[in-house]
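Coordinates in review
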Amino acid sequence: MIDQTQTNPDAIIDDESPICPKCGAELWRQSVHNGVGWEYGPYGCEDCKWSEWEIFDLSNGQSNIRDGLIFDQWGMAMRIENI
Ligand SMILES: [Zn+2]
């Protein structure tokens, strides 16, 4: 289980209607059921690429490339050669 209070104690995001703190657009996040409960990734913004988790935040125009993988604002990775 991901403890979001640990990763981003300043984030105040309403799960009922998550709104981007940077641009005001609606946020969404990845979810996966692990057989016991739901696990969630960070909220991310489609419009400005803001991410709830600072390591995935692309809202300043940077790209997030590590070890041959490129990460989006939801923390999903793609191999660079597939882009
Ligand atoms: Zn945004």
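Residues numbered from 1 in each chain as written. Predicted model: local features only at pLDDT ≥ 70, side-chain atom pairs only at ≥ 80, totals over all residues.

**Here's the deal with the overall build of the chain**
For the chain, the count of helices and strands is one helix and seven strands. In sequence order, the chain lays out its α and β elements as α-β-β-β-β-β-β-β. Within the span of the chain, comprising 83 residues, buried residues form 16% of the whole. Counting contacts in the chain only where the partners sit at least 6 residues apart, residues at least 24 apart contribute 32% of the total. (Helix = DSSP H or I, 4+ residues; strand = E, 2+ residues; numbered from the N terminus. Buried ≥ 20, exposed ≤ 12 C-beta atoms within 10 Å, placed from the backbone. Contact = placed C-beta atoms within 7 Å.)

**A look at the sheet that holds strand 7 (residues 77-79)**
Taking strand neighbours across the sheet as the criterion, the three strands line up as 5-6-7 in an open arrangement whose pairing is antiparallel. Two strands lie at the open edges of the sheet, namely strand 5 (64-66) and strand 7, each paired on one side alone. For this sheet the average axis-to-axis angle between neighbouring strands, irrespective of direction, equals 30 degrees. In the sheet, strand 5 pairs with strand 6 (residues 69-71) via three bridges, with the strands oriented antiparallel. If you follow Asn 64 over to strand 6, its bridge partner there is Phe 71. (Pairing = 2+ DSSP bridges. Axes fitted to C-alpha atoms, helices over the stretch in contact; angles between N-to-C directions.)

**Section: unusual backbone geometry**
Excluding glycine, residues mostly have negative phi values, and the peptide bonds linking residues are mostly trans. Phi angles above zero are rare outside glycine, and Lys 49 is one such case at about 65 degrees. Structurally, Lys 49 is set in the loop between strand 4 (44-45) and strand 5. You will see that Asp 67, though not glycine, has its phi angle at about 55 degrees, which is positive.

**Regarding the environment of Ile 13**
Here Ile 13 shows up in the loop between helix 1 (4-7) and strand 1 (27-28). Given 17 C-beta atoms within 10 Å, Ile 13 falls into the partly exposed group. A C-alpha to C-alpha distance of 9.3 Å links Ile 13 and Leu 27, two positions 14 residues apart in sequence. When near neighbours in sequence (up to four residues on either side) are disregarded, Ile 13 contacts Pro 18, Leu 27, Tyr 43 and Glu 52.

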